[in-house]
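This is what each chain is made of:
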Amino acid sequence: MQAQLAPSWQEKLAAEFEKPSFKKLLTFLDEELKTQTIYPPEPLIFNAFDKCPFEELKVVIIGQDPYHGEGQANGLCFSVNDGVKIPPSLKNIFKEIQTDLGKDIPKTGNLERWAKQGVLLLNAILTVRASKAASHHKKGWEAFTDAVIRLISEETDKVVFLLWGNYAQQKGQIVDDNKHLILKSAHPSPLSAKQFFGNKHFSQANQYLQQCGKAPIDW
């Protein structure tokens, strides 16, 4: 696989990459790539780990799986490439930031700027077959990303976890809430946005980071 990630993650996840379960996952992906279009593109599968090095980690946002439309997924959860129409859930995230922090809604849905400030935009499943949502569930990614979350919980302190919706909240149950700030709310999907709006997660996250002596995120 031609994906890349920051050296600090390479080191931290080296043991995971050697596990039989992960090698089985790679075999599956290699077979898929021979006959199918996979999103995000192969070099961007680990983009979340490339743009946000382990040692700079401040915030974790957990998504489910990548967008399955052409040109959308860029390896960062909720994020889309420049020039791509902003999806409804991300639009609602931007609306909450506007209400919470008074910031204008961006013209691009590319969240790389968050990643570069220490926000790990982690999908639970890192790949998907084109036009087939959830097509790579239960192929091995869930165990891998559980290991990532457990690693962050155990080997860092004072990280903010933003858990939106039941799926993310279940995924985040392994986080030690004595060491980290866990903020939960409904998912920003239009189906549950009424319960998402008003959560003030972005101001709460920044307040916590500043109390811990860390620079806030420019959301």
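Before any of the text, the structure's been laid out above.
Residues numbered from 1 in each chain as written. Predicted model: local features only at pLDDT ≥ 70, side-chain atom pairs only at ≥ 80, totals over all residues. Heavy atoms only, no water.

1. A closer look at the packing of helix H5 (residues 88–101) against helix H10 (residues 201–211)
Rule in force here: Note on definitions: angles span 0 to 180 degrees between N-to-C directions of axes, and those axes are lines fitted to C-alpha atoms, for helices only across the stretch in contact. The numbering of helices and of strands both runs from the N terminus, where a helix is a DSSP run of H or I of at least 4 residues and a strand a run of E of at least 2. Here roughly perpendicular refers to angles of 65 to 115 degrees, roughly parallel to angles under 35, roughly antiparallel to angles over 145, and oblique to all remaining angles. Any two residues whose heavy atoms approach within 4.5 Å at even a single point are treated as in contact. In the scheme used here, Gly and all other residues not listed as nonpolar or charged are polar, with Ala, Val, Leu, Ile, Met, Phe, Trp, Tyr, Cys and Pro taken as nonpolar and Asp, Glu, Lys and Arg as charged.
Look at H5 against H10: their axes get within 8 Å of each other, and the N-to-C directions meet at 60 degrees. By the angle class used here, H5 and H10 are oblique. The segment H5 lies against H10, with Ile93, Glu96, Ile97, Asp100 and Leu101 engaging His201, Phe202 and Ser203. Classifying every residue of the contact of H5 with H10 by side-chain character gives four nonpolar, two polar and two charged.

2. Let's talk about the packing of aromatic side chains
Filter applied, for reference: Between rings of Phe, Tyr and Trp, where Trp is taken as its six-membered ring, a pair exists when centres lie within 6.5 Å; planes separated by under 30 degrees are stacked, by over 60 edge-to-face, and by other angles tilted.
Inspection of the entire model under this criterion finds 20 aromatic pairs. Three or more aromatic residues link up through ring pairs in this structure, and these residues are Trp9, Phe17, Phe22, Phe46, Phe49, Phe54, Trp141 and Phe144.

3. Thoughts on the sheet that holds strand S2 (residues 59–63)
Condition: In this scheme, strands are said to pair when DSSP sees at least two bridges between them.
What the four strands build is an open sheet, ordered S3-S2-S5-S6; its pairing is parallel. In this open sheet, the two strands that pair with only one neighbour each are strand S3 (119–123) and strand S6 (181–185). Neighbour-to-neighbour, the strand axes of the sheet open up by a mean angle of 20 degrees, direction not taken into account. When S2 meets strand S5 (residues 160–164), the two strands line up parallel, connected through three bridges.

4. Quick notes on helix H7 (residues 141–155)
This is how the line gets drawn: The length a helix should cover is 1.5 Å for every residue beyond the first. Accessibility here uses a 1.4 Å probe with only protein chains present; expressed as a share of the type maximum, an area under 20% marks a residue as buried, one over 50% as exposed, and anything in between as partly exposed.
If you check H7, its first and last C-alpha atoms are 21 Å apart, about what 15 residues at 1.5 Å a residue would give, namely 21 Å. Residues of H7 that are buried: Trp141, Glu142, Phe144, Thr145, Ala147, Val148, Ile149, Leu151, Ile152 and Ser153.

5. Observations concerning the pattern of salt bridges
Our working rule: Salt bridge, as applied in this entry: a Lys or Arg side-chain nitrogen positioned within 4 Å of an Asp or Glu carboxyl oxygen.
In this structure the tally under the stated criterion is nine salt bridges. Of the charged contacts in the structure, one is a salt bridge between Glu18 and Lys23, with a shortest N-O distance of 3.2 Å. With a relative accessible area of 41%, Lys23 lands in the partly exposed category. Here Asp218 and Lys103 are joined by a salt bridge, their closest N and O atoms 2.8 Å apart.

6. Topic: the side chain of Asn199
What counts is decided by this rule: Counting of polar contacts relies on pairs of N or O atoms within 3.5 Å, with two restrictions inside protein: one atom must be capable of donating a hydrogen and the other of accepting it, and residues adjacent in sequence are counted only when both atoms are side-chain atoms.
With respect to the helices, strands and loops of the structure, Asn199 is situated in the loop between helix H9 (193–196) and H10. Side-chain polar atoms of Asn199 contact the side chain of Ser185, separated by 3.1 Å. Only 2.9 Å separates the side chain of Asn199 from the backbone nitrogen of His201, close enough to count as a polar contact. Those residues in contact with Asn199 that lie beyond four places of it in its chain are Glu96, Trp164, Ser185 and Gln204.

7. Looking at the environment of Gln72
On the secondary structure map, Gln72 appears in the loop between S2 and H5. What Gln72 contacts, discounting residues up to four positions off in sequence, is Tyr67, Ser79, Val80, Asn81 and Val84. Here the side chain of Gln72 touches Gly69 through a polar contact of 3.0 Å, landing on its backbone nitrogen.

8. So, H10
Side chains of residues three or four places apart in an α-helix project in the same direction, reflecting 3.6 residues per turn. Threshold: Taken from the helix axis, the directions to the C-beta atoms give the arc we talk about.
For H10, the set of buried residues is His201, Phe202, Ala205, Asn206, Tyr208 and Leu209. When H10 is viewed along its axis, its buried side chains cluster within an angular range of 160 degrees and face the same direction. The inward-facing, buried residues of H10 contact S2, H5, S5 and S6. Just downstream of H10 lies Gly213, where phi reads positive at about 80 degrees.

9. Thoughts on the state of the cysteines
What counts, and what does not: Any cysteine sulfur atom paired with another within 2.5 Å is treated as part of a disulfide.
Counted according to the given criterion, the structure contains zero disulfides. Between Cys212, a free cysteine, and Cys52, which holds the nearest cysteine sulfur, the sulfur-to-sulfur gap is 16 Å. Residue Cys212 is classed as partly exposed on the basis of its relative accessible area of 25%.

10. Considering the nonpolar core
Counted only if it meets this: Only buried residues count toward a nonpolar core, which is a set of Ala, Val, Leu, Ile, Met, Phe, Trp, Tyr and Cys residues joined through side-chain atoms within 4.5 Å.
Formed by 64 residues in total, the largest nonpolar core has its most connected members in Trp9, Phe49, Ile61, Leu120 and Trp219. Sort the elements by how many residues they give to this core and H7 lands first, with six residues.

11. Considering the pairing of S3
Taking burial as the measure, the five residues of S3 include five buried ones, the bulk of the element. Residues of S3 alternate between two faces, with Val119, Leu121 and Asn123 on one and Leu120 and Leu122 on the opposite face, all of them buried. Pairing of S2 with S3 involves five bridges; the strand directions are parallel. Across the sheet, Ile61 pairs through a bridge with Leu121, a residue of S3.

None of this, on its own, says anything about what the molecule does.
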